[in-house]
Amino acid sequence: MSEYKESFDQIKIAGRLASNALDEITSYVEPGVLTEKLDKICYEYIRDHNGFSAPLFYRGFPKSCCTSANHIVCHGIPSKKYLNDGDILNIDVTAIVNGWHGDTSRMYFVGEPSIKSKNLVSTTYNAMMKAISIVKDGIYLGDIGETIQTYVEKKGFSVVRDFCGHGIGKIFHAPPNILHYGKKGEGLKLKAGMIFTIEPMINEGKYHVKLLNDGWTAVTKDKLLSAQFEHTVGVTKDGVEIFTKSIKNLDQPPYQI
């Protein structure tokens, strides 16, 4: 591991800060809160712990995190929009520390969501973790995609095609693209030392999405719900290291805080 120990050690610091920011925000996610307030809390937490929020001004993005509720697939812009009882919400943060990026997102329950909402969220989390569990030197990117797609479609949901995971390190978004659908044995072969995100977006209905006029917010075309989780991971000779796990075991809702 010596040849990639330095990069793993550096990204572990950034990943831990991003994860801690999501831990910090957990108690604030409740009916009546503004997504803009959640953004401010994330920004200040990362800033106060010697990091910088990578999304802020990235390609013109105006906020420090993404807040994607209900049928928003990804890249929702925090605003003066209130969260309502029964909403589901993804918060996506990326912290930069010492020039390295740690990228992660989690789903949150706002009040008491429906059974279907909870099933979608748990399926999305399980799909991500099943994919992470097979990561090691020598497997193919298609193995990751097939693992997610097979599990999700058996549950009656669909995998978004328009967005994917990505290589990460000193650069926010780098090759390779990590598709969340595919066929076993296809695509790039993984090598120890690679660092990337696995971040499946799973829709309640069909996988088609559309982009809103703000140029960022992606929503489901059928206006049904969407969910996402994301971890930054590193490939080792024998398996995988997750750099963005919660130290408080707040990895999926409902959160006990």
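Residues numbered from 1 in each chain as written. Predicted model: local features only at pLDDT ≥ 70, side-chain atom pairs only at ≥ 80, totals over all residues. Heavy atoms only, no water.

Some remarks on the overall build of the protein chain
Turning to step 1, where the next piece is worked out: A count of helical and extended segments in the protein chain gives four helices and 15 strands.
Turning to step 2, where the next piece is worked out: Whereas a compact globule of 257 residues would reach a radius of gyration of roughly 18 Å, the protein chain reaches 17 Å, a difference of no more than 12%.
Turning to step 3, where the next piece is worked out: Dimensions along the principal axes, computed over C-alpha positions, put the protein chain at roughly 50 × 45 × 35 Å.
Turning to step 4, where the next piece is worked out: Expressed as a percentage of its 257 residues, the buried residues of the protein chain come to 54%. (Helix = DSSP H or I, 4+ residues; strand = E, 2+ residues; numbered from the N terminus. Rg over C-alpha atoms; globule rule 2.2 N^0.38 Å. Buried < 20%, exposed > 50% of the residue type's maximum accessible area, 1.4 Å probe, protein only.)

What about the sheet that holds strand β6 (residues 158-159)?
Turning to step 1, where the next piece is worked out: Strand order in the open sheet made by the three strands is β6-β10-β13, with antiparallel pairing throughout. Edge positions in the sheet fall to β6 and β13 (226-228), since each has one partner strand and no second.
Turning to step 2, where the next piece is worked out: For strand β10 (residues 201-203) and β13, the ladder comprises three bridges, and the chain directions are antiparallel. Note that in β13 the partner of Asn-203 across the bridge is Ser-226. (Pairing = 2+ DSSP bridges.)

So, helix α4 (residues 141-154)
Turning to step 1, where the next piece is worked out: Taking 1.5 Å as the rise per residue, α4 with 14 residues should run 20 Å; its terminal C-alpha atoms sit 20 Å apart, in good agreement.
Turning to step 2, where the next piece is worked out: Within the span of α4, buried status applies to Leu-141, Gly-142, Asp-143, Ile-144, Gly-145, Ile-148, Gln-149, Tyr-151 and Val-152.
Turning to step 3, where the next piece is worked out: On its buried side, α4 packs onto α3 (115-134), β6, β8 (174-178), β9 (195-198) and β10.
Turning to step 4, where the next piece is worked out: Gly-156 sits one or two positions beyond α4 and adopts a positive phi of about 90°. (Expected span 1.5 Å × (residues − 1). Contact = heavy atoms within 4.5 Å.)

Quick notes on the packing of aromatic side chains
Turning to step 1, where the next piece is worked out: Overall, the coordinates contain six aromatic pairs when judged by the stated rule.
Turning to step 2, where the next piece is worked out: Both rings, one in Tyr-4 and one in Phe-8, keep their centres 4.7 Å apart while their planes meet at 50°; by these two values the pair is tilted. Highlighted residues: Tyr-4 and Phe-8, both in helix α1 (residues 2-25), separated by four residues, approximately one helical turn. Across the pair, exposure class does not vary: Tyr-4 and Phe-8 are buried alike.
Turning to step 3, where the next piece is worked out: Every member of this aromatic cluster is reached through a ring pair, and the members are Tyr-4, Phe-8 and Phe-243.
Turning to step 4, where the next piece is worked out: Sitting above the plane of the Tyr-181 ring, Arg-161 keeps its charged end 4.7 Å from the centroid. (Phe/Tyr/Trp six-rings, centres within 6.5 Å; stacked < 30°, edge-to-face > 60°. Lys NZ or Arg CZ within 6 Å of the ring centre and 35° of its normal.)

So, the sheet that holds strand β12 (residues 218-220)
Turning to step 1, where the next piece is worked out: With respect to topology, three strands assemble into an open sheet ordered β3-β12-β11, the strand pairing being antiparallel. Every interior strand has two partners, whereas the edge strands, β3 (72-74) and β11 (209-211), have only one. On average, adjacent strands in this sheet sit at an angle of 40° to one another, irrespective of strand direction.
Turning to step 2, where the next piece is worked out: Bridging between β3 and β12 involves two bridges; their strand directions are antiparallel. Looking across to β12, one finds that Cys-74 is bridged to Ala-218. (Axes fitted to C-alpha atoms, helices over the stretch in contact; angles between N-to-C directions.)

Description of the environment of Pro-113
Turning to step 1, where the next piece is worked out: Its location among the elements puts Pro-113 in the loop between β5 (100-109) and α3.
Turning to step 2, where the next piece is worked out: Linking Pro-113 and Cys-65, residues 48 residues apart in sequence, is a C-alpha distance of 23 Å.
Turning to step 3, where the next piece is worked out: Apart from residues no more than four positions distant in its own chain, Pro-113 is found in contact with Gly-86, Asp-87, Ile-88 and Lys-118.

Side note on the side chain of His-180
Turning to step 1, where the next piece is worked out: For His-180, the location among the structural elements is in the loop between β8 and β9.
Turning to step 2, where the next piece is worked out: At 3.0 Å, the side chain of His-180 and the backbone nitrogen of Glu-199 are in polar contact.
Turning to step 3, where the next piece is worked out: Ignoring any residue separated from it by four or fewer positions in sequence, one finds His-180 in contact with Gly-145, Ile-148, Gln-149, Val-159, Phe-163, Cys-164, Gly-165, Ile-198, Glu-199 and Pro-200. (Polar contact = N/O pair within 3.5 Å; in protein donor to acceptor, adjacent residues only side chain to side chain.)

Things to note about the environment of Gly-239
Turning to step 1, where the next piece is worked out: Along the chain, the position of Gly-239 falls in the loop between β14 (231-235) and β15 (240-242).
Turning to step 2, where the next piece is worked out: For the pair Gly-239 and Thr-150, spaced 89 residues apart in the sequence, the C-alpha separation amounts to 21 Å.
Turning to step 3, where the next piece is worked out: In contact with Gly-239, other than residues within four places in its own chain, are Val-135, Lys-136 and Gly-234.

Section: the state of the cysteines
Joining two cysteines, a disulfide is a covalent bond between their sulfur atoms.
Turning to step 1, where the next piece is worked out: Counted according to the given criterion, the structure contains zero disulfides.
Turning to step 2, where the next piece is worked out: Left without a disulfide partner, Cys-65 is nearest to the cysteine sulfur of Cys-42, which lies 4.4 Å away.
Turning to step 3, where the next piece is worked out: Lacking any disulfide linkage, Cys-66 is separated from the closest cysteine sulfur, that of Cys-65, by 6.9 Å. (Disulfide = S-S within 2.5 Å.)

In short, geometric facts, not functional conclusions.
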